[in-house]
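Below, each chain spelled out in residue letters.
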Amino acid sequence: MIKAFQPLKLPIDNLINIDEFIDELLEANKLVGIYQVLLNKSKINPELLLMPITLQEAIQSTRIEGTQVTLDDMLEYGVDENRRTDDIQEVLNYSEALRIGERLITRIPISTRLIKEMHKILLSGDVRGGNRNPGEFRAIQNFIGPQGCTIQTASYIPPEPQLVPEYMSNLEKYINEPTDKLHDLVRIAIIHAQFETIHPFLDGNGRIGRILIPLYLFDKGFINSPNFFISESLEKDKFKYYKLLNDIRIDVSDDNKSIELISQRWNTWIKFFMNAIINQANKNIKLIERIDELYNETINRSRSIINSNRLIDIVNVMFQNPIFNKKRVLEKVDIPSSTLGVYLNKLEENQIIYSDGKPRNRKYYFYDLINILRE
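Where an unreviewed UniProt entry is consulted, the protein appears under the name Adenosine monophosphate-protein transferase SoFic, with the organism given as Clostridium tepidiprofundi DSM 19306.

**Concerning the domain arrangement of the protein**
By the assigned domains, the protein splits into domain 1 (21–286) and domain 2 (306–373). For domain 1 and domain 2, the distance between their C-alpha centres works out to 35 Å. Taken together, the contacts link nine residues of domain 1 with twelve residues of domain 2. Summed over both partners, the interface of domain 1 with domain 2 buries about 1,100 Å², with 64% contributed by carbon and sulfur atoms. Ranking the residues of domain 1 by area buried against domain 2 places L48, L75 and V79 at the top, with a combined share of 46%. Linking domain 1 to domain 2 there are one salt bridge. Our count for the contact surface shared by domain 1 and domain 2 stands at four residue pairs in polar contact (both at pLDDT 80 or more). Broken down by secondary-structure element, the contributors of at least two residues to the side of domain 1 that touches domain 2 are α2 (46–64) and α3 (71–77). Ranked by the residues each element gives to the side of domain 1 that touches domain 2, the list is headed by α2, at four residues. When the residues that make up the side of domain 1 that touches domain 2 are grouped by side-chain class, the tally is six nonpolar, two polar and one charged.

**Comments concerning the environment of Y77**
Relative to the helices and strands, Y77 resides in helix α3. When the C-alpha atoms of Y77 and L26 are compared, they prove to be 40 Å apart, with 51 residues separating the residues in sequence. If we ignore the near neighbours within four places in the chain, the residues touching Y77 are R83, R84, I88 and L92.

Thresholds, definitions, all that
- Residues numbered from 1 in each chain as written.
- Predicted model: local features only at pLDDT ≥ 70, side-chain atom pairs only at ≥ 80, totals over all residues.
- Heavy atoms only, no water.
- Domains from an automatic or database assignment.
- Contact = heavy atoms within 4.5 Å.
- Buried area = accessible area lost by both parts, 1.4 Å probe.
- Salt bridge = Lys/Arg side-chain N within 4 Å of Asp/Glu carboxyl O.
- Polar contact = N/O pair within 3.5 Å; in protein donor to acceptor, adjacent residues only side chain to side chain.
- Helix = DSSP H or I, 4+ residues; strand = E, 2+ residues; numbered from the N terminus.
- Nonpolar A, V, L, I, M, F, W, Y, C, P; charged D, E, K, R; others polar.

Given below as structure tokens:
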């Protein structure tokens, strides 16, 4: 491929055949609804339930881009900021960009301004791509392909830079003023693919494109907060993910054969996207159910050995930070340090938590939850 691609403008509903993925769409819609109901009905504060889901999203979305950070790395970092690495900073930036996006979306629509603000956060703090115009659309040609490839051997060359504002304006209008009658889950599959096809930034396009998924569904009232992510599912099939995105990037002529081919490829992409939603929703549903069960079990076991009205607050910290120290608990629970020490010793003696045994700066590990999150 030796020339820049020119995508179709949205909408493209004339190319979409809902019959090709109707079963997957119905199942995805049902499961996301169940996930939302479980969040609302849980006895646990939704923030405690969403912490591991949000953290896994940040890890998996950055991992698609090549970071090597693990869940354990991030949990350890939560009590020892000296462990910070460039990969950890990228995960932190992703989480912060999502938080900024959630805050902005209550005041402004999903727009160029919002997207650029998230991008600026994503590439802050001396991370990879930090010198590639954070918060600004690219002014030079970029290309995508295996490491070390040239523009002549690239697998995909996005639109020329002078066309990026025009394509992003079209995408923004489609997001906020759609004229088709497609389901929101189908629209976000199209929006994500179109954003990645435009590739408006020099770096960080994949991560921003994946952040747009929960933000869009939240903005449209499909979910109660931007908390439904599919990066983990996409990361497991990332080469298929890249291949199907590339497949929709073909020039369309006026002949019926060409139109039929691009239609088939768009429908295949949307079906894949629906399956990613189904896989992630199923995992999230099981995760919530298991954490809910563990929470009730932990409260009951802890109450049998500790009689304190601060017990639930301590357990909540354990669920929010399954690797923690006394300082982290004292920041969130109004309790004397000596009393907390006694309680933590009792929890450890009864094998509810485990420690590294250090006399100073001791760290505690809530393995029942950590093992659930590792799966």
